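Take a look at the letters that make up each chain.
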Amino acid sequence: MTATAGSRALAQRRIDLIERLAQAAQARAHVGLGRRLRVRQAGLGTRIVFDGRELLNFASNDYLGLAAHPAVIAALIEGARRDGVGAGAAHLLGGHRAIHEQLDEALAAWTGRARALSFSSGWLANLGALTALLEPGDLCLQDQLNHACLLDGARLAGATLKRYRHGDLDRLARLLDAEPERPALIASDGVFSMDGDRAPLVEIANLATARGASLMVDDAHGIGVLGPRGAGSVAAAGLGTTQVPVLMATFGKALGTSGAFVAGSAALIDGLTNFARSFVYSTALAPPLAHATLAAIRVAQVEAWRREQLARLTRHFRRGAQARGLALAGDADGPIQPLIVGAADAALTLARALADAGFYVPAIRPPTVRPGSARLRVTLSALHRESEVEALLDALARHWPQVTDAN
Ligand SMILES: *Cc1c(COP(=O)(O)O)cnc(C)c1O
């Protein structure tokens, strides 16, 4: 056999990667868990159009209604005129503008930290921070319900990742006590994205301090919503840089734009500027987004009515759901209000019935959540009216028995 023929024969034995991927997708679709993109045809704020139908949107993370706020849009357009649409280069190679500097300063002041550093997305911020902080063999302890990018960051860093059962601080303490010598980072969501509850940050911080571990909080769902002037769940818990040395949050939720930041000491930020590869080797955050985000922060800080309206609607939703016997999550006290259905197909059925009734509330299914805990993830916005929340509750009450009886 010639060398070419031999290598061809070998190549035929090798599994084709695209085919394997396609088979995995088919297998997933076969058990009813396939995912496909649907085009949202139009709509801003709380109204969106899918398949030619206008639906009330109860699925957005735009909690304060800033994504289409006139001041935020104006800042974006003006920012593009002044600085161009794209940054044109990475931060360290000429892409870093005055607006990035202003944004970072505003973020540091808002969160009560010495400094902050912006990234182009939350994924990049978490990957960058975790790989810069952790060395192979270090311990990284994470709540089981943490966001996927925190898990991936620890894995990419080569750290020993140990996950503790949701909120199980005894387990967390035992994991730390078992290896008192190893450098350790505890990383937790501030508000859990699929369950809507808050991490017990004060207790975790005390535990970390007593055991010499560092604490990183991902406050994607707390920033803008919780705490004084919307400074987030860490500020709401009264925790400074000593207790939470690494604070991360995103722009894509309550701030209504896109991007993320890490805030902390000057030493942390200098370290990230050198070693966070997703910062160093990535095009700087688009300048118009930096302008828009700074404008969104100003609105979030001063327009307290948005947080108050959100809190009012949340209380209204929870009271109404309780009165109607819906399966509310016990300790979700913010705008993320999951209704646990159980079976994935039942959650889908319910989501479809709600769409027919004019509401967009997507079903969240495994592997995003644990098997048997499929749910409807209702999210509220300051732009919803109480009557709209009431209408959603009525629709839920009408359709809930169908799926829960069949379950
Ligand atoms: C959305 C989210 C992220 C990712 O942020 P992006 O800017 O969307 O990449 C990270 N962590 C948590 C907890 C999130 O909810």
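Residues numbered from 1 in each chain as written. Predicted model: local features only at pLDDT ≥ 70, side-chain atom pairs only at ≥ 80, totals over all residues. Heavy atoms only, no water.

Digging into empty space enclosed by the protein
Phase 1 of the analysis: Taken as a whole, this structure holds three cavities of 30 Å³ or more when the rule is applied.
Phase 2 of the analysis: Counted as a void, the largest cavity has a volume near 50 Å³.
Phase 3 of the analysis: The residue makeup of the lining of the largest cavity, split by class, is five nonpolar, three polar and two charged.
Phase 4 of the analysis: A domain split of the lining of the largest cavity shows at least three residues from each of domain 1 (33-64 + 304-406) and domain 2 (70-302).
Phase 5 of the analysis: In this structure, the second largest cavity occupies an estimated 40 Å³ of space.
Phase 6 of the analysis: Lining the second largest cavity, in full, are G45, T46, N57, S60, D62, G65, S381, L383 and H384.
Phase 7 of the analysis: Class assignment for the residues of the lining of the second largest cavity results in one nonpolar, seven polar and one charged. (1 Å grid on protein atoms, 1.4 Å probe; cavity = no way out; pocket = protein on both sides within 12 Å on 5 of 7 lines; lining within 4 Å. Points joined across faces, edges and corners; volume = space filled by probe spheres on them. Nonpolar A, V, L, I, M, F, W, Y, C, P; charged D, E, K, R; others polar. Domains from an automatic or database assignment.)

Observations regarding the pattern of salt bridges
Phase 1 of the analysis: All told, the structure shown has 19 salt bridges when counted by the stated rule.
Phase 2 of the analysis: Notably, a salt bridge pairs R324 with D394, separated by 2.8 Å at the nearest N-O pair. Taken as a pair, R324 in the loop between α13 (304-323) and β11 (336-342) and D394 in helix α15 (residues 386-406) lie far apart in primary sequence, 70 residues in all.
Phase 3 of the analysis: Taking the relative accessible area as the measure of exposure, D394 reaches 35% and is therefore partly exposed.
Phase 4 of the analysis: A cluster of three or more residues bridged by salt bridges with shared partners is formed by R47, E54, R385 and E388. (Salt bridge = Lys/Arg side-chain N within 4 Å of Asp/Glu carboxyl O. Helix = DSSP H or I, 4+ residues; strand = E, 2+ residues; numbered from the N terminus. Buried < 20%, exposed > 50% of the residue type's maximum accessible area, 1.4 Å probe, protein only.)

Let's talk about the side chain of H399
Phase 1 of the analysis: Locating H399 in the fold gives a position in helix α15.
Phase 2 of the analysis: Separated by 3.2 Å, the side chains of H399 and Q402 make a polar contact.
Phase 3 of the analysis: Residue contacts for H399: discarding those within four places in its chain leaves L350 and A353. (Polar contact = N/O pair within 3.5 Å; in protein donor to acceptor, adjacent residues only side chain to side chain. Contact = heavy atoms within 4.5 Å.)

Looking at the layout of surface pockets
Phase 1 of the analysis: The space that makes up the largest pocket amounts to roughly 1,200 Å³.
Phase 2 of the analysis: Lining the largest pocket we find 35 residues, and of these R36, R38, Y360, P362 and A363 sit closest to its centre.
Phase 3 of the analysis: Mapped by element, the contributors of at least two residues to the lining of the largest pocket are β2 (47-50), β3 (53-57), α14 (344-356), β12 (359-360) and β13 (363-364).
Phase 4 of the analysis: Among the elements that take part in the lining of the largest pocket, α14 stands out by supplying four residues, more than any other.
Phase 5 of the analysis: A breakdown of the residues in the lining of the largest pocket according to their chemical character gives 16 nonpolar, nine polar and ten charged.
Phase 6 of the analysis: Split by domain, the residues of the lining of the largest pocket number at least three in each of domain 1 (33-64 + 304-406) and domain 2 (70-302).
Phase 7 of the analysis: Estimated volume of the second largest pocket: approximately 500 Å³.
Phase 8 of the analysis: Structurally, the lining of the second largest pocket is a two-domain feature, drawing no fewer than three residues from each of domain 1 (33-64 + 304-406) and domain 2 (70-302).

Notes on the packing of aromatic side chains
Phase 1 of the analysis: Under the criterion given, the structure shown has four aromatic pairs.
Phase 2 of the analysis: Look at F119 and F279: their rings are 5.7 Å apart centre to centre, the planes differ by 65 degrees, and that puts the pair in the edge-to-face class. In this pair, F119 is assigned in strand β4 (residues 115-119) and F279 in helix α11 (residues 277-280), connecting sequence segments 160 residues apart.
Phase 3 of the analysis: The class of F119 is buried, set by a relative accessible area of 2%.
Phase 4 of the analysis: Between F251 and F261, the aromatic rings sit 6.0 Å apart at their centres with planes inclined by 15 degrees, giving stacked as the arrangement. In this pair, F251 sits in the loop between β9 (246-250) and β10 (260-264) while F261 sits in strand β10, placing the two residues ten residues apart along the sequence. Here F251 and F261 have matching classes, each one buried. (Phe/Tyr/Trp six-rings, centres within 6.5 Å; stacked < 30°, edge-to-face > 60°.)

Topic: unusual backbone geometry
Phase 1 of the analysis: Going from P366 to P367, the amide bond is cis rather than trans, its omega being 5 degrees.
Phase 2 of the analysis: Turning to its location among the elements, P367 is positioned in the loop between β13 and β14 (374-379).
Phase 3 of the analysis: Its identity as a non-glycine residue notwithstanding, D51 has a phi of 50 degrees, on the positive side.
Phase 4 of the analysis: Examined against the element boundaries, D51 turns out to sit in the loop between β2 and β3.
Phase 5 of the analysis: For R229, which is not glycine, the phi dihedral falls at a positive 55 degrees.
Phase 6 of the analysis: Examined against the element boundaries, R229 turns out to sit in the loop between β8 (214-218) and α9 (233-236).
Phase 7 of the analysis: Judged by its relative accessible area of 48%, R229 falls in the partly exposed class.

Digging into the site of the ligand
Phase 1 of the analysis: Contacts to the ligand come from 13 residues, most closely from G122, W123, D218, H221 and K253.
Phase 2 of the analysis: Measuring from a nitrogen atom of the ligand, one finds a side-chain N or O atom of D218 at 2.6 Å.
Phase 3 of the analysis: When isolated, the ligand has an accessible area of 380 Å², and the protein chains bury 84% of it.
Phase 4 of the analysis: Tallied by class, the residues present in the shell around the ligand amount to three nonpolar, seven polar and three charged. (Near = heavy atom within 4 Å. Areas by Shrake-Rupley, 256 points an atom, 1.4 Å probe, with all protein chains shown as cover.)

Considerations on the domain arrangement of the protein
As a measure of interface size, the accessible area lost when the parts come together is often cited.
Phase 1 of the analysis: For the protein, the domain assignment lists domain 1 (33-64 + 304-406) and domain 2 (70-302).
Phase 2 of the analysis: One C-alpha centre belongs to domain 1, the other to domain 2, and the line joining them spans 27 Å.
Phase 3 of the analysis: Each partner contributes residues to the interface: domain 1 has 22 residues there, and domain 2 has 23 residues.
Phase 4 of the analysis: Of the roughly 1,600 Å² buried between domain 1 and domain 2, counting both surfaces, carbon and sulfur atoms make up 53%.
Phase 5 of the analysis: Three residues stand out in domain 1 for area buried against domain 2, namely L64, R307 and I336, and they jointly supply 31% of the buried area on that side.
Phase 6 of the analysis: Our count for the contact surface shared by domain 1 and domain 2 stands at two salt bridges.
Phase 7 of the analysis: R375 serves as the salt-bridge partner of D195, at 3.0 Å between the closest nitrogen and oxygen.
Phase 8 of the analysis: Inspection of the region where domain 1 meets domain 2 yields ten residue pairs in polar contact (both at pLDDT 80 or more).
Phase 9 of the analysis: Of all the secondary-structure elements, those providing two or more residues to the side of domain 1 that touches domain 2 are α13, β11 and β14. (Buried area = accessible area lost by both parts, 1.4 Å probe.)

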